[in-house]
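Chain by chain, the residues run as shown.
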Amino acid sequence: MEAAAADSSLPWAAQCLGAALFAAALCVAALGVVLTLLRRWPWCSCHVCRAYLTGSWAQDFTNLGDWYAHLLRDSPTGTVHVHVLGCTVTANPANVEYMLRTNFDNFPKGKAFAAVLGDLLGRGIFNVDGHAWRHQRKMASLELGSVAVRSYAFGIVAQEVESRLLPVLAAAADAGAVVDLQDVFRRFAFDTICKISFGLDPCCLELEMPVSRLADAFDAATRLCAMRGAAASPLLWKAKRLLNVGSERELREAIALVDELAAAMILERRKLGVAGSHDLLSRFMASAGDDAHEVDDKYLRDIVVSFLLAGRDTVSSALTTLFMLLSKNPAVAAAMRSEAGGGDGDGSTTPPLTYEHLKRLHYTHAVLYENMRLFPPVQFDSKFCAGPDVLPDGTYVAGGTRVTYHPYAMGRMPRIWGADHGAFRPDRWLTGPGGTFVPESLYRYPVFQAGLRVCLGKELAVTEMKAVAVAVVRAFDVEVVGDSGAAACAPKFVSGLTASISGGLPVRIRRVVR
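Residues numbered from 1 in each chain as written. Predicted model: local features only at pLDDT ≥ 70, side-chain atom pairs only at ≥ 80, totals over all residues. Heavy atoms only, no water.

The name given to the chain in an unreviewed UniProt entry is Cytochrome P450, and the organism recorded there is Miscanthus lutarioriparius. Of the comments in the UniProt record for the chain, the one headed Cofactor (unreviewed entry) reads "heme". (UniProt positions renumbered as here; feature names shortened; annotations may be inferred.)

S.K.: Describe the overall build of the chain, with residues and values.
M.R.: A tally of regular secondary structure across the chain gives 19 helices and 11 strands. Counting all 514 residues of the chain, 51% fall into the buried class. Sequence-distant contacts in the chain: of pairs separated by 6 or more residues, those separated by 24 or more amount to 73%. A total accessible area of about 23,100 Å² is found for the chain, and carbon and sulfur atoms account for 60% of it. (Helix = DSSP H or I, 4+ residues; strand = E, 2+ residues; numbered from the N terminus. Buried < 20%, exposed > 50% of the residue type's maximum accessible area, 1.4 Å probe, protein only. Contact = heavy atoms within 4.5 Å. Areas by Shrake-Rupley, 256 points an atom, 1.4 Å probe, with all protein chains shown as cover.)

S.K.: Please give an account of the sheet that holds strand 3 (residues 178-180) that cites residues and values.
M.R.: In spatial order, the strands read 3-11-8; together these 3 strands make up an open sheet with antiparallel pairing. Since the sheet does not close on itself, it has two edges, and those belong to strand 3 and strand 8 (476-480), each with one partner. Put simply, the sheet's adjacent strands are angled 40 degrees from each other on average, direction ignored. Pairing analysis gives 5 bridges linking strand 8 to strand 11 (residues 506-511), with the strands arranged antiparallel. Note on strand 11: the bridge partner recorded for Phe476 is Arg511. (Pairing = 2+ DSSP bridges. Axes fitted to C-alpha atoms, helices over the stretch in contact; angles between N-to-C directions.)

S.K.: Go over the environment of Leu166 with me, naming the residues and quoting the values.
M.R.: Counting through the fold element by element, Leu166 comes out in helix 7 (residues 147-175). For the pair formed by Leu166 and Ala475, sequence separation is 309 residues and the distance between their alpha carbons is 8.3 Å. Beyond its immediate chain neighbours, meaning those up to four positions away, Leu166 contacts Val161, Ala471, Val472 and Phe476.

S.K.: Describe the packing of aromatic side chains, listing the residues and the values that go with them.
M.R.: Throughout the structure, instances matching the rule amount to 17 aromatic pairs. Consider the rings of Trp67 and Tyr68, whose centres lie 5.4 Å apart with planes at 40 degrees: the pair is tilted. Tyr68 matches Trp67 in its accessibility class, with the two residues each being buried. Seen in terms of ring centroids, Trp429 and Phe437 are 5.7 Å apart; in terms of plane orientation they differ by 10 degrees. Their pairing is stacked. For the pair Trp429 and Phe437, one class covers both residues: buried. One aromatic cluster is present, formed by Tyr369, Trp417, Trp429, Phe437, Tyr445 and Phe448 through successive ring pairs. A cation sits over an aromatic face here: Arg373 above Trp417, 5.3 Å from the ring centre. Across from the ring centre of Tyr408, 3.7 Å away, lies the NZ or CZ of Arg412, which sits over that ring. (Phe/Tyr/Trp six-rings, centres within 6.5 Å; stacked < 30°, edge-to-face > 60°. Lys NZ or Arg CZ within 6 Å of the ring centre and 35° of its normal.)

S.K.: I'd love a proper account of the UniProt feature "binding site: heme" (unreviewed entry) in the chain, names of residues and values included.
M.R.: UniProt records the feature "binding site: heme" (unreviewed entry) at Cys455, using the numbering of this structure. With respect to the element layout, Cys455 can be found in the loop between helix 18 (414-417) and helix 19 (458-475). Classification of Cys455 by relative accessible area gives partly exposed; the value is 35%.

S.K.: Residue-level account of the packing of helix 11 (residues 246-272) against helix 13 (residues 297-328), with values.
M.R.: One can describe the packing of helix 11 onto helix 13 by two numbers: an axis separation of 9 Å at closest approach and a directional angle of 105 degrees. Overall, the two elements helix 11 and helix 13 adopt an arrangement that is roughly perpendicular. Contacts between helix 11 and helix 13 pair Ile255, Val258, Asp259, Ala262, Met265, Ile266 and Arg270 from the former with Asp297, Leu300, Arg301, Val304 and Val305 from the latter. (Parallel < 35°, antiparallel > 145°, perpendicular 65-115°, else oblique.)

S.K.: Tell me about helix 7, and name the residues and values.
M.R.: Its 29 residues give helix 7 an end-to-end C-alpha distance of 41 Å, which sits within 8% of 42 Å, the value for a rise of 1.5 Å per residue. Among the residues of helix 7, the N-terminal cap falls to Ser146, whose side-chain oxygen and the backbone nitrogen of Ala148 are separated by 3.2 Å. (Expected span 1.5 Å × (residues − 1). Polar contact = N/O pair within 3.5 Å; in protein donor to acceptor, adjacent residues only side chain to side chain.)

S.K.: Please set out the side chain of His357 residue by residue, giving values where relevant.
M.R.: On the secondary structure map, His357 appears in helix 15 (residues 355-359). Assessed through its relative accessible area of 3%, His357 is described here as buried. For His357, the side chain forms a polar contact with the main-chain oxygen of Ala340, separated by 3.2 Å. Each residue touching His357, except ones within four places of it in the same chain, is listed here: Ala340, Pro351, Pro352 and Arg474.

S.K.: An account of unusual backbone geometry is needed here, citing residue identities and associated values.
M.R.: The phi torsion at Cys203 lies on the positive side, around 55 degrees, for a residue other than glycine. With respect to the secondary-structure elements, Cys203 resides in the loop between helix 8 (181-198) and helix 9 (213-230). Judged by relative accessible area, which is 29%, Cys203 ranks as partly exposed. Of note, Gln449 is a non-glycine position whose phi angle comes to about 55 degrees, a positive value. Tracing the chain through its elements places Gln449 in the loop between helix 18 and helix 19.

This is the structure in structure tokens:
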């Protein structure tokens with residue numbers, strides 16, 4: 001019996017031993033995390049790091065970008081270090097050129113950046129370096145540079161403006177209703193990019209304003225990915241992802257929905273066939289079919305997400321801040337209306353909305369660029385320094401350091417734009433013969449990036465924005481209402497990969513009396 005009792009107690013003893021070993025393993029793992037934090041966390045008590053960690057900057061500035069602009073204006077070199085982020089931030093055009101052109105290979109996106117956005121962007125063009133980036137950029141350049149694609153895209157934009165955007169605004173004007181113009185432009189841009197990129201119509205911009213599961217999930221995913229990038233240490237969000245809690249659980253659910261709907265979109269595109277289709281996804285699928293690159297659904301999914309990020313949020317962001325500024329500057333809106341409406345110079349005719357007509361609108365072009373100088377859709381962009389380097393302004397950058405150039409801050413630098421850098425003055429761009437538009441160096445104005453990574457869809461995006469701006473200004477006056485900062489052209493932005501105004505842009509629409 002004693003032997004039997006001993007035998008029956010063995011499993012219990014084994015369980016106790018197993019539990020003890022498991023507890024010991026947890027303790028060792030926890031100790032490892034603590035030691036890693038102590039070793040890698042860049043503890044710093046300087047005023048910049050202290051303000052960032054405590055959030056005390058918010059006592060004097062509406063947005064984090066405004067605080068960075070303040071720091072960079074006060075810096076003799078236009079460059080500052082945020083040690084707790086392991087980041088160097090610059091608004092110096094010489095440094096921007098060095099990163100994006102002169103020493104391009106030493107400033108890739110980097111593995112750390114890819115980790116932050118990898119769950120959402122995968123191996124898409126905005127999240128890769130090296131061969132994968134060059135391959136996708138070459139394909140995108142061929143397609144976006146095609147006259148057929150540009151013509152196809154402009155036809156869709158013009159149709160969406162006439163058949164959806166203007167009727168929605170007209171209905172709001174006739175009803176005397178207040179509408180969220182940011183939401184309207186996001187719906188417009190989402191429908192437009194889906195038709196241009198995938199040949200599919202999600203029908204988001206209807207009078208009933210239907211809910212889009214894909215658009216909502218994409219919004220959540222981009223917002224939560226941006227929160228990762230703002231964390232003082234990647235260990236924080238990685239631990240939450242491992243435990244599947246909090247924001248990381250929400251992100252996982254949002255990305256799962258994006259994946260599901262992107263897969264359905266790809267399947268539908270395959271069913272419809274790609275031969276003879278002009279949408280970008282079909283052209284990618286057709287051209288890649290003759291390439292050695294394997295075109296599987298995961299690769300196509302990453303392309304779908306990249307197209308959505310490039311064509312939806314950036315355009316809607318720029319249009320939202322544009323009409324915020326026009327509401328405060330009615331004389332600029334009137335000048336745009338005069339230029340756009342008077343094809344013969346007398347304002348008595350209304351020319352059709354054509355690509356050729358839009359190209360002649362130099363003042364409107366200047367207004368768009370001035371808007372994006374003050375409110376760039378992508379407020380900052382980061383690279384990682386692969387090896388130790390010295391920037392042109394003398395700043396030493398250690399290998400593995402994140403280096404961020406800040407278009408939002410650069411638009412507020414007196415050394416770049418003069419003493420009136422804070423003023424909305426479109427004519428600063430009209431310095432060519434006869435008051436024609438003259439672009440600034442992309443390294444001083446990196447709204448569309450610059451150098452080897454300059455935005456391939458720049459011309460398409462600007463044309464879309466001009467088409468919307470001209471059509472709306474011709475027909476309506478837009479007045480921002482409420483007591484938010486946007487009414488005073490001092491909006492508060494929410495965290496995200498692109499600029500989005502907190503609380504939207506409530507406006508009242510009125511028809512233009514002719």
